[in-house]
Amino acid sequence: MKFDNLGKSGWTAVLGALGMTVACHSAQAGNAEGNGGFVLACTAEDGTVTRQLFDYARAGEFGLWEIHSEPGRTEDQWLDLLLSRVPWNSYRVELYREYLRRFEGESFHVKNGDFRVPQDTNEPWIPKNCRKELVVYQKANPSPKGARYFINEDVWPLLDDETRAGLKLHEGVYREALANGATNSDGVANLLARLREPFG
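Residues numbered from 1 in each chain as written. Predicted model: local features only at pLDDT ≥ 70, side-chain atom pairs only at ≥ 80, totals over all residues. Heavy atoms only, no water.

A. Expanded view of the overall build of the protein chain. Helix and strand content of the protein chain: six helices and six strands. In the protein chain, the succession of helices and strands from N to C terminus is α-β-β-β-α-α-α-β-β-β-α-α. By the burial criterion, 49% of the 200 residues in the protein chain qualify as buried. A fraction of 72% describes how many contacts in the protein chain between residues 6 or more apart in sequence connect residues 24 or more apart. (Helix = DSSP H or I, 4+ residues; strand = E, 2+ residues; numbered from the N terminus. Buried < 20%, exposed > 50% of the residue type's maximum accessible area, 1.4 Å probe, protein only. Contact = heavy atoms within 4.5 Å.)

Pasting the structure below:
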């Protein structure tokens, strides 16, 4: 699919098309009121837990490519790399950068919070030793002085820079999608996986 020179209507169409590619496999990851940013947490036989952005973890399952963690880059370096692949004009990149600059100031970190994964988001392809964890919840219409993003502080400090960068960009892209009428983030998840296509 070619992404060049998209306006708002084209952007909405792309998200819709990308969402449809997994509609038969994936339940809604959000609604008009808000959205969840997830990771896939997998426990090895020795008890070690690894976590990956859910958008990346399911990419191979739906016919894209296997995405493996690549250590060595900082969170900012990952964001710069992903944004360099955003296939639209500089306005959209700057919009996302502005959302990213405001992310921490618009966030509220919650310790021991109720970040349960909705039952209708369970997906049969998830391995038995893995579970879906809700890390970021975005309110679509926060109050003027209220937080937009609620961060699961029990999980956030355990994530590597690549995963935190992916979650932040997921929420930034979905913020724009919400403004254009999106009711779930399936298309956003697929877009993030495409931006994170293995780097040569």
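Here the narrative resumes, following the displayed structure.
B. Summary view of the packing of aromatic side chains. Under the criterion given, the structure shown has five aromatic pairs. The interplanar angle of 40° and the centroid separation of 5.5 Å between the aromatic rings of Phe54 and Trp125 together place this pair among those described as tilted. One end of the pair, Phe54, is in helix α2 (residues 54-57); the other, Trp125, is in the loop between β4 (107-110) and β5 (130-139), with 71 residues separating them in the sequence. Overall, the relative accessible area of 17% leaves Trp125 in the buried class. Each member of the aromatic cluster is reached from another via a ring pair, and the members are Phe38, Phe54 and Trp125. Above the ring of Phe38, the side-chain terminus of Lys132 is found at 4.4 Å from the ring centroid. Positioned above the aromatic ring of Phe54 is the side chain of Lys132, whose terminal nitrogen or guanidinium carbon lies 4.3 Å from the ring centre. (Phe/Tyr/Trp six-rings, centres within 6.5 Å; stacked < 30°, edge-to-face > 60°. Lys NZ or Arg CZ within 6 Å of the ring centre and 35° of its normal.)

C. Representation of helix α6 (residues 186-195). Counting buried residues along α6, nine of its 10 residues qualify, which places the element largely inside the surrounding structure. Here α6 has its buried residues at Asp186, Gly187, Val188, Ala189, Asn190, Leu191, Leu192, Ala193 and Leu195.

D. Looking closely at the pattern of salt bridges. A full pass over the atoms with the stated rule returns 16 salt bridges. A salt bridge links Arg51 to Glu133; the shortest N-O distance between them is 2.7 Å. You can see Arg51 sitting in strand β3 (residues 49-53) and its partner Glu133 sitting in strand β5, a full 82 residues away along the chain. Of the two residues, Arg51 and Glu133, both sit in the buried class. One salt bridge connects Arg92 with Glu176, and the closest N-O pair in it is separated by 2.7 Å. With Arg92 in helix α4 (residues 90-102) and Glu176 in helix α5 (residues 161-179), this pair connects stretches of sequence that are 84 residues apart. Glu176 shares its class with Arg92; the two are buried. (Salt bridge = Lys/Arg side-chain N within 4 Å of Asp/Glu carboxyl O.)

E. Here's a closer look at the confidence of the model for the protein chain. Considering every residue of the protein chain, the mean pLDDT works out to 80; 77% of them sit at 70 or more. Within the model, the stretch residues 1-10 combines pLDDT values under 50 with 11 contacts to residues more than four positions away or in other chains. Contacts of residues 17-33 to residues separated by more than four positions or lying in other chains number 42 contacts, the stretch itself having pLDDT below 50. (pLDDT = per-residue confidence, 0-100.)

F. Expanded view of the layout of surface pockets. In this structure, the largest pocket spans a volume of roughly 360 Å³. Of all the elements in the fold, those that place two or more residues in the lining of the largest pocket are β2 (34-43), β3, α2 and α5. Looking at side-chain class alone, the lining of the largest pocket contains eight nonpolar, six polar and five charged residues. (1 Å grid on protein atoms, 1.4 Å probe; cavity = no way out; pocket = protein on both sides within 12 Å on 5 of 7 lines; lining within 4 Å. Points joined across faces, edges and corners; volume = space filled by probe spheres on them. Nonpolar A, V, L, I, M, F, W, Y, C, P; charged D, E, K, R; others polar.)

G. Helix α3 (residues 75-83), seen in detail. Along α3, the residues that are buried comprise Glu75, Trp78, Leu79, Leu82 and Leu83. For α3, the arc enclosing every buried residue in end-on projection is 125°, short of the 170-degree limit, so these residues lie on one face. (Arc of directions from axis to C-beta.)

H. Structural view of the side chain of Lys168. Structurally, the position occupied by Lys168 is in helix α5. A distance of 2.5 Å separates polar atoms of two side chains, one belonging to Lys168 and the other to Glu75. Not counting the four nearest positions on each side in its chain, Lys168 is found in contact with Glu75, Leu100, Phe103, Glu104 and Trp156. (Polar contact = N/O pair within 3.5 Å; in protein donor to acceptor, adjacent residues only side chain to side chain.)

I. Representation of the pairing of strand β6 (residues 149-152). By the bridge criterion, four bridges tie β4 to β6 in an arrangement that is parallel. Along β6, the bridge assignment pairs Ser107 with Tyr149. Across three bridges, β5 lies against β6 in antiparallel orientation. Bridge pairing in β6 places Tyr137 opposite Phe150. (Pairing = 2+ DSSP bridges.)

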